[in-house]
Amino acid sequence: MRRDPAISFRGALQILGHHDRPWLDRMNGLLGGVILASGPIPAAVGALWGWVDQKNEATALLRSVLDGVSDRVRPSHGLLRHELVVAAHSTIVLTAFFEALREGLGDTYDEALITDAEKLSIGNGEWRSTAEPLVRRLYTSDLPAPSALRGFEENVVNVQHWCSKTVNEVRKFLDGLHLAQRRAFDPVTVALTGAARYRSHYLELAAKVPEFALWADLGEHAATRSALAGLEGLLSRAAVPARDLREVVRRTNHAVLGQPVIDVGADGYGTGTVFPAVEDIFVTPRFRVAEAGPQANLAGERWWSGRGVHHDLDLVLARHFSTDQSTRLPLLLLGHPGAGKSLLVKVLAARLPEDGYTVVRVPLRAVGANDVIAEQVQQALDLATHRRVRWSELADQCADVIRVVLLDGLDELLQATTHDRAGYLQEVAEFQRVEAVMGRPVAVVVTSRTLVVDRVAVRAGTPVVKLEEFDERQVRKWVGVWNGHNRPMPAAFALGYPDLASQPLLLLMLALYHAESAGEVDPTLSKAELYERLFDTYGRRETTKIAGRVLHGREGEAALDEQLRRLATAALGMINRGRQDITEADLSSDLAALGEPATGDRVLGEFFFVHVAEARAGTLRRCYEFLHATFGEYLVATRVVEVLRDVAEGVYGRRREHDPEDDLLFALLSHQPLAIRWPVLDFIGQRLRALDPDELDRVVRTLDVLIRSYRSRKPSRDFGEYRPLPQDAVRALAAYSANLVLLRLWAERRVPVEALWPENPMGQWRSTLSLWEAGLDAQGFQAMIVAISHSGGALHAYTETFIVNVPPVEIQRLRIRGELELEERLRTGLAIHDNLHYLTDHGPGAVQAKDWLRYTEGWLMAALLRGGWPDAQLLPAPKEVSVRSRRAVSASAHELIEKNWRGWGDAFLVKYLEWLVNLSDFRDNRVLNRIVVQIGRVVPDWLSRALEEGADWSYEDEGQSLPFNHRP
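Residues numbered from 1 in each chain as written. Predicted model: local features only at pLDDT ≥ 70, side-chain atom pairs only at ≥ 80, totals over all residues. Heavy atoms only, no water.

Draft legend 1. How the structure looks around the pattern of salt bridges. For the coordinates displayed, the defined rule picks out 40 salt bridges. A salt bridge links Arg-677 to Glu-633; the shortest N-O distance between them is 2.9 Å. In this pair, Arg-677 sits in the loop between helix H32 (663-669) and helix H33 (678-689) while Glu-633 sits in helix H31 (residues 629-652), placing the two residues 44 residues apart along the sequence. Residue class for Arg-677 comes out buried when judged on its relative accessible area of 14%. Members of the salt-bridge network, linked through shared partners, are Asp-411, Arg-449, Arg-579, Asp-581 and Glu-625. (Salt bridge = Lys/Arg side-chain N within 4 Å of Asp/Glu carboxyl O. Helix = DSSP H or I, 4+ residues; strand = E, 2+ residues; numbered from the N terminus. Buried < 20%, exposed > 50% of the residue type's maximum accessible area, 1.4 Å probe, protein only.)

Draft legend 2. Focus on the side chain of Thr-358. Inspection of the secondary structure puts Thr-358 in strand E3 (residues 357-363). Ignoring sequence-local partners within four residues, the contact set of Thr-358 consists of Arg-246, Val-249, Leu-394, Cys-398, Val-401, Ile-402, Arg-403 and Val-404. (Contact = heavy atoms within 4.5 Å.)

Draft legend 3. Geometry of a negative patch on the surface. A contiguous patch of negative charge, built from Asp-561, Glu-642, Asp-646 and Glu-649, is present on the exposed surface. For the negative patch, the leading source of residues is H31, giving three residues. Assignment of secondary structure puts Asp-646 in helix H31. When its relative accessible area of 57% is taken as the criterion, Asp-646 is described as exposed. (Patch = residues over 30% accessible without salt bridge, like charges linked within 9 Å, V, L, I, M, F, W, Y side chains within 5 Å. Areas by Shrake-Rupley, 256 points an atom, 1.4 Å probe, with all protein chains shown as cover. Lys, Arg positive; Asp, Glu negative; His and termini not counted. Charge placed at Lys NZ, Arg CZ, Asp CG, Glu CD.)

Draft legend 4. Just the nonpolar core, in detail. The biggest cluster of nonpolar side chains holds 109 residues, and the ones touching the most others in it are Trp-478, Trp-772 and Ile-788. A per-element tally of this core places helix H35 (residues 729-748) first, with twelve residues. Of all hydrophobic cores here, the second largest spans 40 residues; its members include Trp-303, Leu-364, Ala-380 and Val-428. (Core = buried A, V, L, I, M, F, W, Y, C linked by side-chain atoms within 4.5 Å.)

Draft legend 5. The packing of helix H27 (residues 504-516) against helix H28 (residues 527-547), seen in detail. Close contact between H27 and H28 brings their axes to 11 Å; oriented N to C, the two are set at 80 degrees. Put simply, H27 runs roughly perpendicular to H28. Across the interface between the two elements, Met-509, Leu-510, Leu-512, Tyr-513 and Glu-516 from H27 touch Leu-530, Arg-533, Leu-534, Thr-537, Tyr-538 and Arg-541 from H28. Split into classes, the residues belonging to the contact of H27 with H28 amount to seven nonpolar, one polar and three charged. (Axes fitted to C-alpha atoms, helices over the stretch in contact; angles between N-to-C directions. Parallel < 35°, antiparallel > 145°, perpendicular 65-115°, else oblique. Nonpolar A, V, L, I, M, F, W, Y, C, P; charged D, E, K, R; others polar.)

Draft legend 6. Region of interest: the sheet that holds strand E11 (residues 789-791). One open sheet holds the three strands; their spatial order is E10-E12-E11, and the pairing between them is antiparallel. Looking at the sheet topology across the chains shown, the edges are occupied by strand E10 (750-752) and E11. For this sheet, the mean angle separating the axes of adjacent strands, direction not counted, is 25 degrees. Looking at chain direction, E11 and strand E12 (residues 794-796) are connected through three bridges and run antiparallel. (Pairing = 2+ DSSP bridges.)

So far we have only geometry, and geometry alone does not tell us how the molecule works.
Laid out in structure tokens, this is it:
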């Protein structure tokens, strides 16, 4: 007979009685045959009544088997041990519940009689509607259990909730019986008692069964071990000799620990650098953990930032692999490129103890991207063992252990497949289900880049771990190991570049650069200067690897330029397509269109800062991505500035001025506005400001010419085949003009509109904005109006910052167009209808005073018209606000508090009074003193004195116009 899962009560009873048939038969009889029934579970009265009958035999039998469970677990191992532990846990949940239930019932049902007719009605007719779902809930549904995300204490709460729901169903069933006596019982008390009994039973077992102590984190903490060494100890219990195929797989996995973190022979680095072994250099990462569900945004950094950072990955993994959930749903492991996902998977494969687990690591880049999971696992075994191990044969030899499959690189599979694999994780769960049905349960871990996970469906309840960047302690630890093998690199140098040092692979790149530098590295290098040196160093290494020798002079410089141009073309291809990566096919096409045809099997060299996703879908498919986005952004900025300098040199660098030859510049910049990647503009600004004044002047004058003439530029003669996006003449002109304006602003930061268009400057500017709105997509246009601001007749290269709220795009559009009257009307409408108010931070001066008045008058007007208390920040008036304007605002503020103060809380009232006193010396003491009398107990003494000393003034006495028509 196939057993039910151990996480259900019926499955647990089947497992616990497997080797004690008399006990199992007796228990089955007491419970109306519910344990050994084949097919659908019967709604037998014994399945319910057996736990509360006067003899209490079922409870006694269950207690006896629990007393001996530790003796059965101790010598067991592998799959049998796993099932026994889960079964024991399921049993104590139900034991605790029925003990609490019987205590809540008292003697009422001991004295009650249940007739044969009632038993028959329960099983076959009237009461089936309540009995059958209750029996299923008690015997076949999954019981609350610890997991990777939920330890013992969290599970106590879940057990209490489960008891609360279940006891209500039991009460409905029992209340339907026509008993001579009735006794009401409190479901809340039963639930609390059940949770308390569960805690007691659990702690008893934790003293005897290591897995229970592990779930409760009662044992030795594992997070301080290196290379996940703690995981092996946490899950190892009893050594058994590995056999044949298991031994082959184990040796393959374990060999990784002693290998250098970088294969020197394969990667071609100089002999002067010593790469530490994986076991030494691996630092267990920090992480965040969550459970997939409808509200989970697993690809969103902001969503993840709301979850705490943990340091005990050993413990969480050990919990996961020791629970039933691990063989029913995959564990999803997320991280950014370079975060160490693949290295972690290698270490995990080596560290899971052989007595309980057999691990198969599947690098998805190396197997068929379109194949089913079982075939992918077999392909990985073929590659790792030279076809010595078959998956089906390995499963037969692993009957007494749990198999673990590590699917590494879901993002690479998604990039390479020609099929729809959005349901890949569903396929994984189905793979686990089928393997479990065949009696060979398998746990699965799937790794992926964080940003790609929204391209697949993730089943609710799936445990998700997201690797975090290194903190300072981890960086120092890593650097200490590195320095034990190479020329010491000061930890302070690495920590000075947190964007690099916080990611393991980029930290290794930084260490290699330091190790190969001739002298001490200047710790004050700017990021742009450091990136320039990194690209120079790694570019020269790549040219040496390709040529097989060191290249010198012009030959070396030409080879280096070719490598860097390819990298820049890849970076531009990503930005122009609005992606974080680029396929090898697209990159080859881009290079050919730009007159730089690619040769060889691999278009880009093997750079540390380039992540190459490879997967097979009939043929090998490659996809390139920079390990950190700023690498690509720096390359784009450098390439754009170089091309712009060449254009300027062609215009002004000869004896006579020439028309700009901007075909290449237009080809590169006519697809997306650079504002969609803000760091690109920062790097551009740094590169431009590093030019000597004469050259910068030539660049600025060239940009002025291009901006004035972009509408009438002739079609490009060259580079017409460079099409990262489908051809669109409006978009091309919009993107090119937007990028020209960005370049001009980032060269000087502030540019008068009339300097760009001497004739009809505002008309030309608004026309250009209309072109951007028509030609760019929503993201591109929004990026432009955020990157540029307009005030005082000039454009500024910075984003407006808002002290209170960010206005909608309609407001920002009017502000950048300089249509202030329309903005004012829309602002008033938003305040009244949507209660939306915003305040721009322009720094000190009259503009700030005007904006404060608009903001304050807006929320006062909305509060007066809408009622209630004002939803706004009570900001002090800037000193530039005139006395007359302060009086106007003060009058409206008085009207508001007199009208609405009774609905306000005391704390807000005091805050409002303080704001009003500081706003102006003129106030209506008739109103304010009356309010103070009502709330005098909470008014500070200084505020009472200020109100007493202030002048008694009424706005109406001044004969002024209504305050909302007032402007300074």
